[in-house]
Amino acid sequence: MQRPTGRLAVWTAVAGTVFIAGGAFWLSFTALADLARRSGVDARQAWAWPLIVDGIIVVSTVSVVALAQQREAWYPWLLLMAGAAVSVAANAIHAVVAADADVPAALAGAVASVPPLVLLAITHLTVVLTRRFRTEPTSIEHELAAHTVARQAELAVHLPPKELALRMKEDGMTNKAIARATGVHPSTVGRWLTPPAIAAAAAQEGGSL
């Protein structure tokens with residue numbers, strides 16, 4: 001169970017990462033929009049270019065976390081690296097073009113590359129934090145799981161496998177889980193749990209009362 005202090009810490013961290021991500025996005029956005037205008041893009045449309053470049057970083061980061069350890073994850077990883085490379089390069093180029101003459105080009109480019117890199121890192125951190133919070137089991141889930149296990153152990157002592165399977169199905173267990181618990185093949189559990197078999201078992205139980 002996640003303690004209240006832990007939940008507060010998670011939400012505080014999420015709020016901080018969102019705030020930092022917003023600042024990094026805004027700095028990168030203004031720089032890329034200005035670079036687009038300097039490159040001949042109409043001033044009324046220049047806002048769309050940084051939205052596309054930095055937006056793909058955010059979307060790809062979320063997709064990478066969502067598809068973690070799956071074969072399809074290579075594609076969002078590719079988009080993420082491409083978007084990050086374009087954003088960092090574009091921010092550095094804008095800094096070199098727009099910086100004062102007395103500021104070294106390397107320093108201007110290094111400073112300008114920080115916002116897109118922070119945006120990349122902080123977006124990933126935010127998604128990881130919120131995902132961990134959503135998947136944290138609640139105390140109620142723990143209690144229900146413990147109750148189910150205890151009931152299964154109690155029934156297993158007194159009931160034959162077929163009747164035990166019927167009781168487990170009433171508790172909401174899947175056929176595979178029932179097969180593992182009773183030591184039979186899932187197809188056997190499927191035959192036990194067909195409507196005629198359930199009706200026969202119920203009639204047999206009622207006759208034995």
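See the structure printed just above.
Definitions and limits used
- Every chain is numbered on its own, with residues counted from 1 as its sequence reads.
- Predicted model: local features are reported for residues with pLDDT of at least 70 only, side-chain atom pairs are reported and counted for 80 or more only, and whole-chain, interface and lining totals are derived from all residues.
- Side-chain figures throughout are based on the complete set of non-hydrogen atoms in the structure, without hydrogens or water.
- Helix and strand labels come from DSSP, where a helix needs a run of H or I of at least four residues and a strand needs a run of E of at least two; each type is numbered from the N terminus.
- Under the scheme applied here, a residue whose accessible area is under 20% of the maximum for its type counts as buried, over 50% as exposed, and between as partly exposed, the area being computed with a 1.4 Å probe on protein chains only.
- For this analysis, residues touch if any pair of their heavy atoms sits within 4.5 Å.
- Only the protein chains shown count as covering a residue, and every accessible area follows the Shrake-Rupley method with a 1.4 Å probe.
- Definition used for salt bridges: Asp or Glu carboxyl oxygen within 4 Å of a side-chain nitrogen of Lys or Arg.
- We define the nonpolar core as a collection of buried residues of types Ala, Val, Leu, Ile, Met, Phe, Trp, Tyr and Cys that are connected through side-chain atoms lying within 4.5 Å of one another.
- We call Phe, Tyr and Trp rings a pair once their centres come within 6.5 Å, taking the six-membered ring for Trp, and we label the pair stacked below 30 degrees between planes, edge-to-face above 60, and tilted otherwise.

1. Quick look at the overall build of the protein chain
In step 1: Helix and strand counts for the protein chain stand at 9 helices and 0 strands.
In step 2: Out of the 209 residues in the protein chain, the part that is buried amounts to 32%.
In step 3: For the protein chain, the proportion of contacts with a sequence separation of at least 24, taken over those separated by at least 6, is 58%.
In step 4: Of the roughly 13,100 Å² that the protein chain leaves accessible, carbon and sulfur atoms contribute 67%.

2. Quick look at the pattern of salt bridges
In step 1: Considering all chains together, one arrives at 3 salt bridges under this definition.
In step 2: One salt bridge connects Asp34 with Arg38, and the closest N-O pair in it is separated by 2.8 Å. Residue Asp34 and its partner Arg38 are located together in helix 1 (residues 4–38), separated by 4 residues, close to a single helical turn.
In step 3: Note that Arg44 and Asp42 form a salt bridge whose closest N and O atoms lie 3.1 Å from each other.
In step 4: Given the relative accessible area of 70%, Arg44 is considered exposed.
In step 5: Each of Asp34, Arg37 and Arg38 takes part in salt bridges that share partners, so that together they form one network.

3. Description of the nonpolar core
In step 1: Membership of the largest hydrophobic core is limited to 11 residues, which are Leu164, Ala165, Leu166, Met168, Met173, Ala177, Ile178, Ala179, Val189, Trp192 and Leu193.
In step 2: Here this core gets 4 residues from one element, more than from any other, and that element is helix 6 (residues 161–170).

4. Some details on the packing of aromatic side chains
In step 1: With the rule as written, the count across this model stands at 3 aromatic pairs.
In step 2: Consider the rings of Trp74 and Tyr75, whose centres lie 5.6 Å apart with planes at 70°: the pair is edge-to-face.
In step 3: Its relative accessible area of 56% is what places Trp74 among the exposed residues.
In step 4: One aromatic cluster in this structure is built from Phe25, Trp26 and Phe29.

5. Side note on the environment of Ile52
In step 1: On the secondary structure map, Ile52 appears in helix 2 (residues 48–66).
In step 2: By relative accessible area, which is 58% here, Ile52 ends up exposed.
In step 3: Spatially, the C-alpha atom of Ile52 lies 9.9 Å from that of Ser87, the residues being 35 residues apart in sequence.

6. Quick notes on helix 7 (residues 175–182)
In step 1: Among all positions of helix 7, only Ala177, Ile178, Ala179 and Thr182 are buried.
In step 2: Residues of helix 7 that are buried sit in contact with helix 6 and helix 8 (186–192).
In step 3: Residue Gly183 follows helix 7 closely and has a positive phi angle near 80°.

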